Amino acid sequence: AMPEITFAELEVIVKYLVAVPISDGNITVIPPHEKIKRNNLSSEVGNLITTGMIQKKQVEKYLNENPDYQFSERLQAGFVNKYRELKSDGLEGDALFYALLEFAANNSPDFKLQSAGLSVLTHFFEICEVFEQ
């Protein structure tokens, strides 16, 4: 995909990166399987996360090519807020994951929308924006 990047994609990314608040520098990348263990998620949920990663590039492409450079940040904030709300309600582990999945799929019974929701949730799980690092 690297040869296919144009100035349009770079512009979206640069605008987004400039708008992101500076972190405390305490970010570490954790492999998904380790994060699954740390969050007490079952192998069933681990399989769902693996399935959701199939569309990783598609989700990233959609977010990166969105002309609204703050879209990804707002989407991320929505997931973080919902995560915190569910945690404060006492949800943990698989129950927390499934509640976030329902949120991500807008409680839709449509399998394609559920799959899309899983793909987006998995994206934010992988980049350590939802669930404990």
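Refer to the structure printed above.
The shown structure was predicted, so the numbers you read here are calculated from the model rather than taken from an experiment. The numbers attached to residues start from 1 for each chain and follow its sequence in the written order. Note on the predicted model: pLDDT of at least 70 is required for a residue's local features to be given, and 80 or more for side-chain atom pairs to be given and counted; whole-chain, interface and lining totals, by contrast, use all residues. Side-chain numbers come from the whole structure's heavy atoms, not from hydrogens or water.

Colleague: Looking at this structure, how should I read the environment of S42?
Modeller: By the criteria applied, helices consist of DSSP H or I runs no shorter than four residues and strands consist of E runs no shorter than two, each listed in order from the N terminus. If you trace the backbone, S42 turns up in the loop between helix 2 (32-38) and helix 3 (43-52). Each C-alpha atom, one on S42 and one on G93, is 7.8 Å from the other, the two residues being 51 residues apart in sequence.

Colleague: Which parts of the structure should I look at to understand the pattern of salt bridges?
Modeller: Side-chain pairs of opposite charge can arise whenever the charged atoms involved come near each other. A carboxyl oxygen of Asp or Glu within 4 Å of a side-chain nitrogen of Lys or Arg is what we treat as a salt bridge. Taken as a whole, this structure holds four salt bridges when the rule is applied. For E34, the salt bridge goes to R38, with nearest N and O atoms at 2.6 Å. Of this pair, E34 and R38 both sit in helix 2, separated by four residues, roughly a single helical turn. Any residue under 20% of the maximum accessible area for its type is buried, any over 50% is exposed, and the rest in between are partly exposed; the area is computed with a 1.4 Å probe on protein chains only. Exposure remark for E34: the relative accessible area of 30% places this residue in the partly exposed category. The exposure class of R38 is partly exposed, given its relative accessible area of 47%.

Colleague: What exactly am I supposed to notice about the packing of aromatic side chains here?
Modeller: Aromatic ring pairs are reported here in terms of the distance separating the ring centres and the angle at which the planes meet. Only Phe, Tyr and Trp rings take part, Trp by its six-membered ring, and two of them pair if their centres are within 6.5 Å. Stacked means planes under 30 degrees apart, edge-to-face means over 60, and tilted covers everything else. The full count for this structure, using the stated rule, is four aromatic pairs. Aromatic side chains F79 and F103 sit 5.5 Å apart centroid to centroid with 85° between the ring planes, which places their arrangement in the edge-to-face category. One end of the pair, F79, is in helix 5 (residues 71-88); the other, F103, is in helix 6 (residues 93-104), and 24 residues separate them in sequence. Assessed through its relative accessible area of 4%, F79 is described here as buried. Overall, F103 belongs to the partly exposed group, its relative accessible area being 35%. Here F97 and Y98 contribute two aromatic rings whose centre-to-centre distance is 6.0 Å and whose plane-to-plane angle is 80°, an arrangement assigned as edge-to-face.

Colleague: Just to check I follow, could you spell out helix 6 for this structure?
Modeller: Every α-helical turn comprises 3.6 residues, leaving residues that sit three or four positions apart pointing alike. Given a helix with a known number of residues, its expected span is that number minus one, times 1.5 Å. Taking 1.5 Å of rise per residue, twelve residues should cover 16 Å, and helix 6 covers 17 Å from first to last C-alpha, within 8% of that figure. Looking at helix 6, one finds that the buried residues are G93, L96, F97, A99, L100 and L101.

Colleague: Sorry if this is basic, but what is going on with the environment of I54 here?
Modeller: You can see I54 is positioned in the loop between helix 3 and helix 4 (56-65). I54 sits 65 residues away from S119 along the chain, and the two C-alpha atoms are 7.7 Å apart.

Colleague: What am I meant to see in helix 5 here?
Modeller: Across its 18 residues, helix 5 extends 26 Å between first and last C-alpha, which sits within 8% of the 26 Å expected from 1.5 Å per residue. A positive backbone phi angle near 95° is found at G90, which sits one or two residues after helix 5.

Colleague: What is the right way to read the packing of helix 3 against helix 7 (residues 111-126) from this model?
Modeller: Geometrically, a packed helix pair is captured by the angle between its two axes and the distance between the axes. Here, axes are lines fitted to C-alpha atoms. For helices the fit covers the stretch in contact, and angles between N-to-C directions go from 0 to 180 degrees. Where helix 3 contacts helix 7, the axes come no closer than 8 Å and their chain directions differ by 100°. Looking at the two axes, helix 3 sits roughly perpendicular to helix 7. Contact residues: helix 3 offers L48, I49, T51 and G52, while helix 7 offers L118, S119, T122 and F125. Residues are grouped as follows: Ala, Val, Leu, Ile, Met, Phe, Trp, Tyr, Cys and Pro are nonpolar; Asp, Glu, Lys and Arg are charged; every other residue, Gly included, is polar. Residues belonging to the contact of helix 3 with helix 7 are distributed by class as follows: four nonpolar, four polar and no charged. Orientation labels follow simple angle bins: below 35 degrees gives roughly parallel, above 145 gives roughly antiparallel, 65 to 115 gives roughly perpendicular, and whatever is left gives oblique. We call two residues in contact when some of their heavy atoms are within 4.5 Å.

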